[in-house]
Amino acid sequence: METGTLYVCATPIGNLEDITYRVLECLKSVDLIAAEDTRNSIKLLNHFKIKTPMTAYHEYNKFDKARYLVQEVLNGKNVAIITDAGTPCISDPGEELVRQAAEAGIRITSLPGPAALITALTISALPTRRFAFEAFLPAEKRERERILEELTHETRTMILYEAPHHLKKTLADLAETLGGSRKISLCRELTKKHEEAIRTTISEALARYELEEPRGEYVLVIEGKSWAEQDQEAKDDWAKLSIPEHMQHYLAKGMSEKDAMKAVAKDRGVSKREIYAALKK
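Residues numbered from 1 in each chain as written. Predicted model: local features only at pLDDT ≥ 70, side-chain atom pairs only at ≥ 80, totals over all residues. Heavy atoms only, no water.

Engineer: Just checking my understanding: could you explain the sheet that holds strand S1 (residues 5-9) for this structure?
Structural biologist: Whether parallel or antiparallel, the strands of a sheet pair through hydrogen bonds between backbone atoms. Ordered in space as S3-S2-S4-S1-S5, the 5 strands form an open sheet in which the pairing is parallel. A strand with exactly one partner marks an edge of an open sheet, and here the two such strands are strand S3 (54-56) and strand S5 (107-111). The average undirected angle you get between the axes of adjacent strands in this sheet is 25°. The strands touched by helix H2 (residues 38-47) are strand S2 (32-35), S3 and strand S4 (79-82); relative to S3, the strand with the most contacts, the crossing angle is about 155°. (Pairing = 2+ DSSP bridges. Helix = DSSP H or I, 4+ residues; strand = E, 2+ residues; numbered from the N terminus. Axes fitted to C-alpha atoms, helices over the stretch in contact; angles between N-to-C directions. Contact = heavy atoms within 4.5 Å.)

Below is the structure:
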């Protein structure tokens with residue numbers, strides 16, 4: 001028996017007109033649609049008069065239901081997976097289904113379309129060449145602190161998702177770890193009539209939402225640490241050592257005195273001559 005195909009189908013994040021013709025044809029032709037929330041997805045299917053059967057596939061059944069769906073595809077059925085909004089597998093349980101399908105040797109193809117993180121990034125007015133997607137910060141305190149600590153060193157533009165009732169806490173955490181002066185774009189109601197991108201700083205955003213209640217799901221696009229700032233921090237750290245201590249750091253690694261002096265001069269942003277003069281005092 002010939003196996004079927006698993007189709008990863010992107011659906012609109014707000015405006016239903018953003019769905020692609022290819023996704024529409026796929027959803028009409030497959031044998032089964034795995035939807036994160038069938039109550040939500042039925043609105044999409046009804047709008048486009050799609051009658052394909054649906055089954056619920058979400059965070060709480062993703063392991064067992066993925067095994068069932070993989071077996072259905074192995075039995076020859078074509079299955080499409082959709083999420084509540086956007087591209088499946090991006091901060092979404094779909095990644096488990098794709099993993100199991102790949103292990104079973106099933107053909108998987110992705111039908112591209114909307115993704116909230118990319119939509120927000122393009123209107124953030126922050127650098128887009130390099131970016132890091134963190135999705136939702138963990139609720140567990142220790143894990144959250146660890147990820148925030150990692151983000152303090154991030155030089156790429158950062159993208160987070162956040163629910164309105166957690167926004168103020170997240171902004172407070174970001175202000176404490178990244179600094180209130182860091183630029184941020186808070187994007188909400190993307191692709192909808194009241195789409196908004198608030199381009200400001202973290203501290204100004206925090207002050208704003210102390211006065212008004214956050215509404216809607218947010219995508220936070222945050223400026224990364226500049227290389228100049230990172231270099232200065234490294235110099236400041238080295239400056240805590242005396243020049244002889246700094247030299248010993250490299251000599252203990254087996255460097256020659258000449259190479260150690262060169263490394264110390266580079267670390268401290270000074271000339272090798274200055275290091276030589278300091279050591280002769």
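Still more ground to cover, so stick around.
Engineer: When you look at the pairing of S1 in this model, what are you seeing that I'm missing?
Structural biologist: For a regular strand, the rule is simple: side chains alternate between the two faces of the sheet. Summarising burial for S1: 5 of the 5 residues are buried, a large majority. Burial of the side chains of S1 extends over both faces: Thr5, Tyr7 and Cys9 are buried on one face and Leu6 and Val8 on the other. Note: S1 against S5, 5 bridges, orientation parallel. Across the sheet, residue cysteine 9 finds its bridge partner in S5, namely leucine 111. Bridge count for S1 against S4 is 3 bridges, and the pairing is parallel. Paired with tyrosine 7 across the two strands is alanine 80, which belongs to S4. (Buried < 20%, exposed > 50% of the residue type's maximum accessible area, 1.4 Å probe, protein only.)

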